[in-house]
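Descriptive analysis of the structure
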Amino acid sequence: MRTNPVRCFLATILLVLSFGMLRAKENTPRMIRSLNEGWRFDLAEHAEGVAAPSYDDSRWSRVSLPHTWNVNDAFDKERSYHRGVGWYRRTLPLDSTFAGKKLFLYFEAANQVADVFVNGQFVGQHIGGYTAFVFPITDGVVIGRQNVIAVRVDNRHSDDIPPLNADFTFYGGIYRDVWLIATEPVHLDVLDHASPGVFIDTPEISEHSARVLVRGTIVNESTKRTAVELIHHIFDEENKRIASFRRSLTLLPGERKQFEQRSDRIRNPRLWSPDHPYLYKLRTEIRSGNWLLDVVEDRFGFRWFGISPEKKFLLNGKPFKLIGTNRHQDRAGMGNALPDSYHRRDVELVKATGFNFLRTAHYPQDRSLLEAADRLGLLVWQETPIVNIISMSSAFAENCERMLVEMIRQYYNHPSVVFWGYMNEVMLREPNPIPEGYYKHLIDLAKRLEARLKNEDSSRLSVTAISFHEIDNGTGFGDIPDVHGMNLYFGWYYQELSSWGRFLDSLKMKRPDRVYMVSEYGADSDERVHTLQPRAFDFSSEYIQDFHLATFPQLMERDFIIGTAVWNQFDFGSNHLQDTKRSLNQKGLFFYDRTPKDVWHYYRAKLLKQPILHIGREWLLRAGSQQGDERQPIRVFTNCDSVAFTLNGALLGRKSPVNAFIELVLPLQAGANRLEAEGGSGTSTIRDGVTVVYDDRTSLFSKNAAAGSHIAVNVGAHYSYTDAAGVVWEWDRAFEEGATKWGYVGGRAGRTHRSIRNTEDDPLFQAYREDAHSYRFLVPPGTYHVELGFVDPLLEGAGKRVFDLHINEENVFAAIDLAGQYGRDRAVRISTTIEVKNRAGLTIESVPRIGLPILSSIFVRRK
């Protein structure tokens with residue numbers, strides 16, 4: 001039997017797992033009402049008297065919660081997103097039902113500083129954007145009238161409030177639910193860091209028996225000495241009561257009294273695990289004679305975990321490999337203001353991947369997410385938002401510690417939570433200049449948080465995540481927590497994909513005393529970008545697949561790595577990033593709108609027992625303009641023993657996967673090509689099919705070229721790009737006399753990752769060919785529309801780069817000065833009509849005047 005003498009702090013306030021907030025039953029005295037509707041909102045940063053009941057907010061926007069003001073501007077290429085003040089107002093009618101009650105406003109989160117007013121009076125301030133807070137309002141409201149709630153929310157940067165810097169967007173607003181809580185004067189405590197005053201633990205547990213420990217605080221806000229009976233009932237999933245225990249207490253007027261009660265032994269408890277996430281319910285009642293004064297219900301699970309002497313993670317006494325992912329809370333079109341159902345859906349998608357573990361990066365996330373993890377069976381790493389860099393102010397340290405305590409007390413009761421994390425890559429950035437004693441202060445802060453964490457909850461494991469360059473930097477940071485989380489990106493930011501195994505093995509040999517976990521690994525992708533030559537930072541679908549195909553097996557082969565977490569389950573907003581999609585981190589297994597990427601199916605094929613067969617769908621539009629281009633690869637992810645393929649009804653053959661992966665080469669014909677697959681595993685059969693559309697452009701170069709035949713070239717790129725109109729811009733290639741029909745002569749390819757203004761086709765304009773060069777297209781005589789695309793991602797100001805463009809020796813575009821005429825990083829398209837009169841075809845030549853010519857795209861269409 002494992003004994004765990006732990007101080008317990010309930011993870012939720014008034015929650016029932018399946019609802020996201022406990023709705024008190026009709027016969028209970030505690031009332032909880034949603035305040036999500038009926039709000040007015042404005043960015044009234046400098047307005048006077050906004051909190052006053054008489055303030056006229058009729059011109060403000062009508063909004064419902066959850067709400068953020070950064071849904072759109074966080075992705076704007078032309079300007080920064082609003083980090084400032086926003087005001088929310090609504091009326092709060094209170095009828096006689098609330099007479100004699102104690103009233104509280106409960107906010108699940110607001111980012112990042114919230115000042116709350118009721119009827120013009122200040123009732124409290126909360127600092128920090130990712131945990132709940134609650135304020136008493138009984139003395140500030142009037143029963144029988146319309147009361148006014150006003151909330152000032154500020155998401156400006158503050159050196160005293162983490163996060164100071166991070167790879168995610170700091171959306172402003174009241175982006176989680178808000179509730180009115182009404183209790184009797186004698187009630188379970190609501191104000192202890194937004195916890196409900198009841199905390200559950202299982203300090204004695206084995207497969208054969210367990211005890212439940214319940215701990216909390218009762219508050220007597222009445223004017224009378226009150227004798228109460230505190231009763232706890234435990235129910236199984238069939239709602240059968242399996243245990244009850246009680247005690248009597250007497251509370252003086254105004255007294256707060258702590259309690260701690262232990263159940264009798266519960267025989268043969270159903271243990272909670274990812275495979276069997278069995279949940280029990282605890283119902284806590286306060287009674288005085290025949291009166292029910294308060295009641296709270298919550299779910300919990302019987303399980304225990306720890307680290308073995310061999311440095312392996314144990315769950316319920318058995319070695320358990322944590323295989324999972326990270327998750328940010330925002331979503332396309334919503335920012336971080338998601339209803340509970342969307343949080344639950346994200347957990348369902350994590351579970352559907354085959355994962356058993358979830359890291360909620362890099363802040364405490366919505367309680368409905370944790371409830372879903374409890375219900376579906378995911379082990380969770382929950383962490384505070386101390387990211388990249390710290391401040392040396394005492395206020396910063398105090399806010400860090402308070403956020404840690406809030407997180408633990410608000411989420412403690414969730415059986416899914418096994419790790420408390422309190423820092424992520426805190427040495428990734430450095431102040432400039434570095435203050436004297438900075439790193440000593442950082443280490444002292446980490447030790448302070450570690451000590452507070454263990455004081456609050458000695459049952460769970462502490463963890464931090466550090467980057468590659470922080471692992472052996474001599475500070476000793478990695479020795480402070482129980483688990484050494486590492487965010488590693490071999491084959492993306494540094495080194496090669498084959499480096500993973502060598503690095504991890506050497507690390508284990510150097511420091512065998514540490515418990516290791518790979519808390520992040522991943523690569524970015526854009527479904528519009530494809531290549532036959534995948535390479536790091538090309539954002540192609542093919543490279544993210546190559547990355548995971550190479551990385552995951554190396555991680556799984558090493559038992560001393562207790563767990564792994566993909567970065568990230570979903571693409572997420574990161575305002576400072578300027579990659580192929582503005583303001584997005586694109587390392588997800590899903591796109592920002594939760595459409596799955598093809599690589600998601602690799603993990604499903606590796607981890608799920610059910611048959612998986614998935615033909616890649618991200619590259620269904622293809623194009624080619626040379627003989628041989630019609631032979632195109634396609635990728636398949638499957639756990640079937642073998643798969644039979646047919647193309648356009650003709651049998652291609654049967655192949656077996658290696659590492660859940662098959663690659664075929666398809667001989668495509670012009671137009672639609674139907675690929676069908678049938679696979680088997682044991683007695684099960686599964687089928688999949690896709691239609692690949694191939695644009696055969698070779699006719700443009702024949703003497704019978706038809707009107708409308710065309711070619712589109714992604715100049716300087718080794719990848720193709722498909723735009724919103726479905727036009728495939730082919731990767732660049734060199735012209736070879738007698739061997740090719742088109743291509744470049746001279747110049748050098750370049751690539752920028754800067755955001756390109758005036759276009760959504762960033763991957764088309766981020767690649768370029770620079771220096772004196774020409775393009776030849778051996779098209780037959782005729783009339784052609786020629787469109788050229790440019791951007792200057794390198795220079796600013798007029799007169800730095802000036803050049804001409806000659807087409808068939810005619811100076812068609814003279815003295816082009818991109819930065820001077822249009823500005824840096826702005827896409828420019830110019831077009832003309834050209835008559836080709838001989839077999840020499842079409843030649844486009846860049847001629848320098850000042851500096852080096854530059855070109856990003858070419859589109860040629862026969863008229």
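For the structure, see preceding data.
One structure accompanies this document, and this report is about it.

Examining the overall build of the protein chain
Within the protein chain, the regular secondary structure consists of nine helices and 54 strands. For the protein chain, the C-alpha atoms occupy an extent of roughly 105 × 70 × 55 Å along the three principal directions. For the protein chain, the residues scored as buried account for 62% of the 863 residues in total. For the protein chain, restricting intrachain contacts to residue pairs at least 6 apart in sequence, the fraction spanning at least 24 positions comes to 72%. For the protein chain, the computed accessible surface area is about 32,000 Å², with 47% contributed by carbon and sulfur atoms.

Describing the layout of surface pockets
The computed volume of the largest pocket comes to approximately 530 Å³. Residues of the lining of the largest pocket, tallied by class, amount to eleven nonpolar, nine polar and seven charged. Here the second largest pocket defines a volume of roughly 370 Å³. Looking at the second largest pocket, it is lined by 14 residues, and the ones nearest its centre are D275, G354, F355, N356 and L607. Its residues placed into classes, the lining of the second largest pocket shows seven nonpolar, three polar and four charged.

Description of the side chain of D526
Tracing the chain through its elements places D526 in the loop between β30 (516-520) and β31 (529-530). The residues touching D526, leaving out its near neighbours within four places in the chain, are F539, S541, T580, K581, Q586 and P763.

Observations regarding the nonpolar core
In terms of nonpolar packing, the biggest core is built from 97 residues, with M423, F477, L488, W500, L504, V518 and Y521 touching the most fellow members. Once residues lying within four places of it in the same chain are set aside, the contact partners of F477 are M423, V426, M427, L442, I443, A446, T464 and I466. Of all hydrophobic cores here, the second largest spans 30 residues; its members include I711, L818, I830 and L842.

Brief notes about empty space enclosed by the protein
As enumerated under the stated definition, the model contains five cavities of 30 Å³ or more in all. Here the second largest cavity defines a volume of roughly 70 Å³. Residue lining of the second largest cavity: N111, Y130, F168, T169, F170, Y171, H328, Q329, D330, N336, Y363 and G573, and that is the complete set.

Thoughts on the sheet that holds strand β9 (residues 133-136)
The four strands lie next to each other as β2-β11-β6-β9, forming an open sheet whose pairing is antiparallel. Whereas interior strands pair on both sides, the edge strands pair on one side only; in this sheet they are β2 (31-34) and β9. For this sheet, the mean angle separating the axes of adjacent strands, direction not counted, is 20 degrees. As judged from the four bridges shared by β2 and strand β11 (residues 178-183), these two strands associate in the antiparallel manner. Of the residues in β11, the one forming a bridge with I32 is I181.

As for the pairing of strand β33 (residues 572-578)
Taking burial as the measure, the seven residues of β33 include five buried ones, the bulk of the element. Bridge count between β33 and strand β34 (residues 582-585): three bridges; the pairing is antiparallel. Its bridge partner being in β34, G573 is matched across the sheet by L584. Hairpin connection from β33 to β34: three residues lie between these consecutive antiparallel strands.

So, the sheet that holds strand β23 (residues 318-319)
The strands that make up a sheet pair up through hydrogen bonds in the backbone, lying either parallel or antiparallel. Read from one edge to the other, the open sheet built from three strands follows the order β21-β22-β23, with strand pairing classed as antiparallel. The outermost strands of the open sheet, each flanked by one partner alone, are β21 (305-307) and β23.

Section: helix α6 (residues 541-556)
For α6, with 16 residues, the first-to-last C-alpha span of 23 Å sits near the 22 Å given by 1.5 Å per residue. Counting buried positions along α6 gives 13 out of 16 residues, so the element sits mostly inside the fold.

Re the pairing of strand β8 (residues 121-127)
Bridge count between strand β7 (residues 113-118) and β8: six bridges; the pairing is antiparallel. Residue pairing in the sheet places D115 in a bridge with Q125 of β8. Between β7 and β8, which pair antiparallel one after the other, the connecting turn spans two residues, and N119 there sits at a positive phi close to 50 degrees.

Topic: the packing of α6 against helix α7 (residues 600-607)
Viewed as axis vectors pointing N to C, α6 and α7 meet at an angle of 30 degrees, and their least axial separation amounts to 10 Å. Seen along the crossing, α6 lies across α7 with a hand that is right-handed. Across the interface between the two elements, H548, L549, F552 and P553 from α6 touch Y602, Y603, K606 and L607 from α7. Tallied by class, residues from the contact of α6 with α7 come to six nonpolar, one polar and one charged.

Description of the packing of aromatic side chains
Summed over the entire model, instances satisfying the criterion amount to 49 aromatic pairs. Plain terms: the ring middles of Y130 and Y363 are 4.5 Å apart, the flat faces sit at 15 degrees to each other, and that makes the pair stacked. Within this pair, whereas Y130 is found in the loop between β8 and β9, its partner Y363 is found in the loop between β25 (357-360) and α2 (367-376), the two being separated by 233 residues in sequence. Taken as a pair, Y130 and Y363 share a single burial class, namely buried. Their ring planes at 75 degrees and their centres at 5.3 Å tell us that F468 and F490 sit as a pair that is edge-to-face. Of the two residues, F468 sits in the loop between β28 (461-467) and β29 (483-487) while F490 sits in the loop between β29 and α5 (499-510), which places them 22 residues apart along the sequence. Grouping aromatic residues by their ring pairs yields a cluster made of F355, F552, Y602, Y603, F637 and F661. Positioned over the ring face of Y411 is R367, at 5.8 Å from the centre of the ring.

What to know about α5
For α5, spanning twelve residues, the distance from its first C-alpha to its last is 17 Å, which sits close to the expected 16 Å at 1.5 Å a residue. Looking at the buried side of α5, the elements it contacts are β29, β30, α6 and β32 (561-566).

Notes on the pattern of salt bridges
Scanning the model with the defined rule gives 64 salt bridges in all. With a closest N to O distance of 2.7 Å, E401 and R452 form a salt bridge. In this pair, E401 sits in helix α3 (residues 394-411) while R452 sits in helix α4 (residues 438-456), placing the two residues 51 residues apart along the sequence. Residue class for E401 comes out buried when judged on its relative accessible area of 14%. What makes R452 partly exposed here is its relative accessible area of 24%. What you see here is one network of salt bridges that share partners, running through D192, E401, R409, R448, R452 and E456.

Analysis parameters
Residues numbered from 1 in each chain as written. Predicted model: local features only at pLDDT ≥ 70, side-chain atom pairs only at ≥ 80, totals over all residues. Heavy atoms only, no water. Helix = DSSP H or I, 4+ residues; strand = E, 2+ residues; numbered from the N terminus. Buried < 20%, exposed > 50% of the residue type's maximum accessible area, 1.4 Å probe, protein only. Contact = heavy atoms within 4.5 Å. Areas by Shrake-Rupley, 256 points an atom, 1.4 Å probe, with all protein chains shown as cover. 1 Å grid on protein atoms, 1.4 Å probe; cavity = no way out; pocket = protein on both sides within 12 Å on 5 of 7 lines; lining within 4 Å. Points joined across faces, edges and corners; volume = space filled by probe spheres on them. Nonpolar A, V, L, I, M, F, W, Y, C, P; charged D, E, K, R; others polar. Core = buried A, V, L, I, M, F, W, Y, C linked by side-chain atoms within 4.5 Å. Pairing = 2+ DSSP bridges. Axes fitted to C-alpha atoms, helices over the stretch in contact; angles between N-to-C directions. Expected span 1.5 Å × (residues − 1). Left-handed = near helix turned anticlockwise from the far one by under 90°. Phe/Tyr/Trp six-rings, centres within 6.5 Å; stacked < 30°, edge-to-face > 60°. Lys NZ or Arg CZ within 6 Å of the ring centre and 35° of its normal. Salt bridge = Lys/Arg side-chain N within 4 Å of Asp/Glu carboxyl O.

Any functional reading would require information that these geometric values do not contain.
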